[in-house]
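Structure at a glance
Residue strings, one per chain:
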Amino acid sequence: MRKAFHPDRDEKITVPQYIDDFGNDPVHSRERARCPVCDQRLNIVAASSVDSIGHFAHQKNSGFCPTKSKAAAPYADLPPKNPDPEAAKRIKAVFLANWETHFSMLNRLVKGLANNEFTDVIRTANQERIWEYAQLEEFHLPYVFATLMDFPPGRSYRRKEDGLPAREKWFRCWFDATVRRYDDLWINRETPLMFWRAWYEPPEGKKKPKAEDLIDSYGSELNPAFLNYENNLPPYVKTQITQWLARYFQVD
Ligand SMILES: [Zn+2]
């Protein structure tokens, strides 16, 4: 990652800023920068080429951090431990009634959300049995949706003016490092659960971004306020998604 927390202050710094403050002596121990997502100490990795400025990386044998996952979706293939089919029916019905609210919120999180990204998210939510978590509440949905897959620029909504992707960076989202599967969203924790959005420099061709392509990340607590926002989706979004849901989304 290209920005990490200063060793002592809650302030993001780059590798050059770190070297200005702490020097670049590989032999003597220095205070290390901290990962914004898991708070573990990070190494600096020297610039590998003239146009790169170096990056921060987790130390060998470091503990779990979702940013270390090579692919998106670090919580994939870990279904609910105690699935609740009745709760699933209830939350699916709520989602179906309010899908525009969830489309709009997911769009705020990952920018430039395309219709087929939204339908892929719902398909993936079905596969991962997201609806069956007994404690899942409506306001959790877009945050969970954002962690189900990558949001690369190439798949985003295209701007009318120039046909270019509305999403310029590659977005990937996680919960903080206390969450290793969705069941962990409801464990007791000392500090509030955080949700992280990270944006990466998009890699060439069909590759996925690496940890060193992580430009910056933004953490916040989950906030249910969006449930009361006004939404104003374009008519073609409403029509297409409504038709898709009628065809493919089953509440029972
Ligand atoms: Zn980390």
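Residues numbered from 1 in each chain as written. Predicted model: local features only at pLDDT ≥ 70, side-chain atom pairs only at ≥ 80, totals over all residues.

The name an unreviewed UniProt entry gives the protein is DUF7830 domain-containing protein, with Nitrosospira briensis as the organism.

1. Focus: the overall build of the protein
Within the protein, the regular secondary structure consists of six helices and seven strands. Along its sequence from the N terminus, the protein presents helices and strands in the succession β-β-α-β-β-α-α-α-α-β-β-β-α. The C-alpha radius of gyration of the protein comes to 20 Å, within 12% of the 18 Å expected for a compact globule of 252 residues. Overall, the protein is about 60 × 50 × 30 Å in size when its C-alpha atoms are taken along their principal axes. Put simply, 65% of the contacts in the protein that link residues at least 6 apart link residues at least 24 apart. (Helix = DSSP H or I, 4+ residues; strand = E, 2+ residues; numbered from the N terminus. Rg over C-alpha atoms; globule rule 2.2 N^0.38 Å. Contact = placed C-beta atoms within 7 Å.)

2. Quick notes on the domain arrangement of the protein
How large an interface is tends to be reported as the accessible area lost when its parts come together. When the domains of the protein are assigned, the result is domain 1 (4-63) and domain 2 (85-248). Using only C-alpha atoms to locate each centre, domain 1 and domain 2 end up separated by 30 Å. Taken residue by residue, the interface counts five residues in domain 1 and eight residues in domain 2. Class assignment of the residues belonging to the side of domain 1 that touches domain 2 gives a composition of four nonpolar, one polar and no charged. (Domains from an automatic or database assignment. Nonpolar A, V, L, I, M, F, W, Y, C, P; charged D, E, K, R; others polar.)

3. Considerations on helix H6 (residues 235-248)
Each α-helix winds once per 3.6 residues, and so residues spaced three or four apart point in a common direction. Helix length check: H6, at 14 residues, gives a terminal C-alpha distance of 20 Å against a target of 20 Å (1.5 Å per residue), a fit within 8%. Among the 14 residues that make up H6, zero are buried, leaving the element largely open to the surroundings. (Expected span 1.5 Å × (residues − 1). Buried ≥ 20, exposed ≤ 12 C-beta atoms within 10 Å, placed from the backbone.)

4. Some remarks on helix H3 (residues 99-110)
Across its twelve residues, H3 extends 16 Å between first and last C-alpha, which sits within 8% of the 16 Å expected from 1.5 Å per residue. Summarising burial for H3: nine of the twelve residues are buried, a large majority. Listing the buried residues of H3 in full gives Trp99, Thr101, His102, Phe103, Met105, Leu106, Asn107, Leu109 and Val110. On the buried face of H3, the contacting elements are helix H2 (85-97), helix H4 (115-127), helix H5 (141-146), strand E5 (170-175), strand E6 (194-200) and H6. Directly beyond the C-terminal end of H3, a positive phi value near 65° is found at lysine 111.

5. Thoughts on the sheet that holds strand E7 (residues 214-221)
A sheet is described by the order of its strands in space; here three strands give the open sequence E5-E6-E7, paired in antiparallel fashion. Every interior strand has two partners, whereas the edge strands, E5 and E7, have only one. With direction set aside, neighbouring strand axes in the sheet form an average angle of 20°. Of the pairings in the sheet, the one linking E5 to E6 comprises six bridges and is antiparallel in character. When the bridges of E6 are listed, arginine 172 appears paired with alanine 198. (Pairing = 2+ DSSP bridges. Axes fitted to C-alpha atoms, helices over the stretch in contact; angles between N-to-C directions.)

6. Side note on the pairing of strand E3 (residues 42-45)
Side-chain alternation along E3 places Leu42 and Ile44 on a buried face and Asn43 and Val45 on a face that remains uncovered. Pairing of E3 with strand E4 (residues 55-58), which is carried by four bridges, proceeds in the antiparallel orientation. Residue pairing in the sheet places asparagine 43 in a bridge with alanine 57 of E4.

7. Digging into the packing of H4 against H6
Two numbers describe how H4 lies on H6: the axes approach to 10 Å, and their chain directions differ by 30°. In this view, H4 runs roughly parallel relative to H6, as classed from their interaxial angle. H6 is crossed by H4, and the crossing has right-handed handedness. Contacts from Asn115, Phe118 and Thr119 of H4 reach H6 at Val237, Gln240, Ile241 and Trp244. Here the contact of H4 with H6 is built from residues that sort into four nonpolar, three polar and no charged. (Parallel < 35°, antiparallel > 145°, perpendicular 65-115°, else oblique. Left-handed = near helix turned anticlockwise from the far one by under 90°.)

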